[in-house]
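Listed below, chain by chain, are the residues.
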Amino acid sequence: MNGDVKREWFEKDYYQVLGVAKNATHAEIKKAYRKLAQKYHPDANPGNQSAEERFKEVSAAYDVVGDEEKRKRYDQVRDMATSGFGGAGGGFPGGFPGGGFPGGARVRVEDLGDLGDLSDLFGGLFGGGRRGRSRTRSRVAHGADLETDVTVTFDDAMRGTTVPVRIQGPAPCGTCGGSGAAPGSTPVTCPQCGGTGEIAVNQGFFQMEQPCPRCHGTGRAVEQACPTCGGTGSERRTRSFQVKVPAGVKDGARIKLAGRGEPGPAGAAGGDLYVRVHVRPHRFFGRKGSDLTVEVPITYPEAALGANINVPTPDGPVTMKVPAGTPSGKTFRLKGKGAPRRNGTGDLLVTVNVDVPGKLSKAQRELLRQLREAEKESPRRRLGVEA
């Protein structure tokens, strides 16, 4: 259970994030989440960092209160935080909601036994308990994330492709491989934190843990610094990558290359590289989600009498039937002729428009004149006019 209980539970009101009451039913919570997730989904807000962060916040909230077991534990934690453990009205000094403990007394982890494994959480906060500081936490500082852009053609976006990417800036040192240690030497156990990567800091009633400033949370220290990078584990140079762009990628989509961003402190993991994909417009295909669109001209006889016409698709032309009496602007759906997607392929929406010729031959003009004379009633009659 301790793996589910997080410090954020004290600081975040997940009900408020989802816009529901604390006593909301599971169905109400699920409905609110779906509405917000649809509104802030990255696919619906390409390039909008604020919407992406809101989507993550909403998803994190639903992950807790949308699960009956987690919600029960979350409510216990929130009630305990706002009531000061049932004591002096308050909660937690040093940043948690509320105030202090009755009479400034210290609270033993054993006193939280009725809340089960919640004592494990407080064991970490107070620096005591059953597990105390013997369990090393992963708080290593990671390298910064990077972002770059690539542009692909519409056809490449449909088929999928591989594109080269070049990044200039900090990169793992070529001499030490990112360890920060001089050739022939290796990093040693950090003498300040003893290899745990953390140090304890007293904050009033609390004994909190934070990443070791000597090793930046890696648990290792460099005694003989690399002459190329000076012990930082990184150097400035140009890196080249081959990025696989999946078939059906949308304009503005981001591809994540884990660990390809800026390197972290010596021995720490690197950040991630995000590649934003821009798709060049096609000369006649458009796109709506996973569906493609195209406008196809037809003649008046084809619209009136019906015809089988050739229609372009990303995979080549196909034959489509135009029924007799088809009006201009009618849209037909060709199943499976759109853009690739995870669970199949979208459709192609074909809109037919009657093409009116700008110039007529003498024979065409005569035939159209005969057609006009053969028509029994004006199409404008329903509007109350005859001519």
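Before reading further, recall that the structure is shown in the block above.
Since this is a predicted model, take the numbers as computed values, not measurements.

## Section: the overall build of the chain
And step 1. Scanning the chain for helices and strands turns up 9 helices and 17 strands.
And step 2. Per-residue burial for the chain yields a buried fraction of 37% across its 387 residues.
And step 3. A total of about 22500 Å² of accessible surface is found on the chain, and carbon and sulfur atoms cover 48% of it.

## Some thoughts on the pattern of salt bridges
And step 1. Across all of its chains, the model carries 15 salt bridges by this definition.
And step 2. Across the salt bridge formed by E147 and R276, the nearest N and O atoms sit 3.0 Å from each other. Placement of the pair is E147 in strand 1 (residues 146–152) and R276 in strand 9 (residues 273–279), with a sequence separation of 129 residues.
And step 3. Overall, the relative accessible area of 41% leaves E147 in the partly exposed class.
And step 4. In this structure, D347 and K335 form a salt bridge, with 3.8 Å as the shortest nitrogen-oxygen distance. Within this pair, whereas D347 is found in the loop between strand 16 (344–345) and strand 17 (348–354), its partner K335 is found in the loop between strand 14 (331–334) and strand 15 (340–341), the two being separated by 12 residues in sequence.

## Observations concerning the layout of surface pockets
And step 1. Approximately 940 Å³ is the volume attributed to the largest pocket.
And step 2. If you go around the largest pocket, you meet 29 residues; those closest to its centre are D43, K250, A253, R254 and R342.
And step 3. Looking at the lining of the largest pocket, the elements that each hand over two or more residues are helix 4 (49–65), strand 8 (254–257), strand 9 and strand 15.
And step 4. Here the element with the most residues in the lining of the largest pocket is helix 4; it accounts for 4 residues.
And step 5. Tallied by class, the residues present in the lining of the largest pocket amount to 10 nonpolar, 8 polar and 11 charged.
And step 6. Taken together, 14 residues line the second largest pocket, and the ones lying closest to its centre are Y300, P301, P357, L368 and L371.

## Let's talk about the packing of aromatic side chains
And step 1. Considering all chains together, one arrives at 5 aromatic pairs under this definition.
And step 2. Ring centres 6.0 Å apart and planes at 55° place the aromatic pair Y15 and Y74 in the tilted group. Of this pair, Y15 sits in helix 2 (residues 14–18) while Y74 sits in helix 5 (residues 68–83); the two residues are 59 residues apart in sequence, bridging distant segments of the chain. In this pair, the class of Y15 matches that of Y74, namely buried.
And step 3. What links up through ring pairs into an aromatic cluster is the set Y14, Y15 and Y74.

## Section: the sheet that holds strand 1
And step 1. In spatial order, the strands read 1-9-8; together these 3 strands make up an open sheet with mixed pairing. Sheet topology places strand 1 and strand 8 at the edges, where each strand pairs with a single neighbour. Neighbour-to-neighbour, the strand axes of this sheet turn through a mean angle of 25°, independent of strand direction.
And step 2. By the bridge criterion, 4 bridges tie strand 8 to strand 9 in an arrangement that is antiparallel. Paired with K256 across the strands is Y274, a residue of strand 9.

## Considering the side chain of R78
And step 1. Among the structural elements, R78 can be located in helix 5.
And step 2. Despite being buried, R78 has no salt bridge partner; D13 is the closest side chain of opposite charge, sitting 4.4 Å away.
And step 3. Every residue in contact with R78, bar those within four places of it in the chain, is listed here: W9, F10, E11, K12 and D13.

## A few points about the nonpolar core
And step 1. Within the largest apolar cluster, 34 residues are counted, with the highest numbers of intra-cluster contacts made by V275, V277, I309, V311, M320, L348 and V350.
And step 2. Setting aside its immediate chain neighbours within four residues, V350 contacts V294, V296, V311, M320, K330, T331, F332 and L334.

## Concerning the pairing of strand 17
Two faces make up the sheet, and in a regular strand the side chains alternate between them.
And step 1. Taking burial as the measure, the 7 residues of strand 17 include 5 buried ones, the bulk of the element.
And step 2. Strand direction decides the pairing type here: strand 11 (residues 291–298) and strand 17, joined by 7 bridges, are parallel. If you follow T293 over to strand 17, its bridge partner there is L349.

## With respect to the sheet that holds strand 14
And step 1. The strand order across the open sheet formed by 4 strands is 10-11-17-14, and the pairing between neighbours is mixed. Two strands close off the open sheet at either side, each with one partner strand: strand 10 (286–288) and strand 14. Sheet twist, expressed as the mean angle between neighbouring strand axes with direction ignored, is 30°.

## Notes on the state of the cysteines
And step 1. This model, assessed by the stated rule, comprises 0 disulfides.
And step 2. Free of any disulfide, C173 has its nearest neighbouring cysteine sulfur in C176, separated by 3.7 Å.
And step 3. The exposure class assigned to C173 is buried, which follows from its relative accessible area of 2%.

Definitions and cut-offs
Residues numbered from 1 in each chain as written. Predicted model: local features only at pLDDT ≥ 70, side-chain atom pairs only at ≥ 80, totals over all residues. Heavy atoms only, no water. Helix = DSSP H or I, 4+ residues; strand = E, 2+ residues; numbered from the N terminus. Buried < 20%, exposed > 50% of the residue type's maximum accessible area, 1.4 Å probe, protein only. Areas by Shrake-Rupley, 256 points an atom, 1.4 Å probe, with all protein chains shown as cover. Salt bridge = Lys/Arg side-chain N within 4 Å of Asp/Glu carboxyl O. 1 Å grid on protein atoms, 1.4 Å probe; cavity = no way out; pocket = protein on both sides within 12 Å on 5 of 7 lines; lining within 4 Å. Points joined across faces, edges and corners; volume = space filled by probe spheres on them. Nonpolar A, V, L, I, M, F, W, Y, C, P; charged D, E, K, R; others polar. Phe/Tyr/Trp six-rings, centres within 6.5 Å; stacked < 30°, edge-to-face > 60°. Pairing = 2+ DSSP bridges. Axes fitted to C-alpha atoms, helices over the stretch in contact; angles between N-to-C directions. Lys, Arg positive; Asp, Glu negative; His and termini not counted. Contact = heavy atoms within 4.5 Å. Core = buried A, V, L, I, M, F, W, Y, C linked by side-chain atoms within 4.5 Å. Disulfide = S-S within 2.5 Å.

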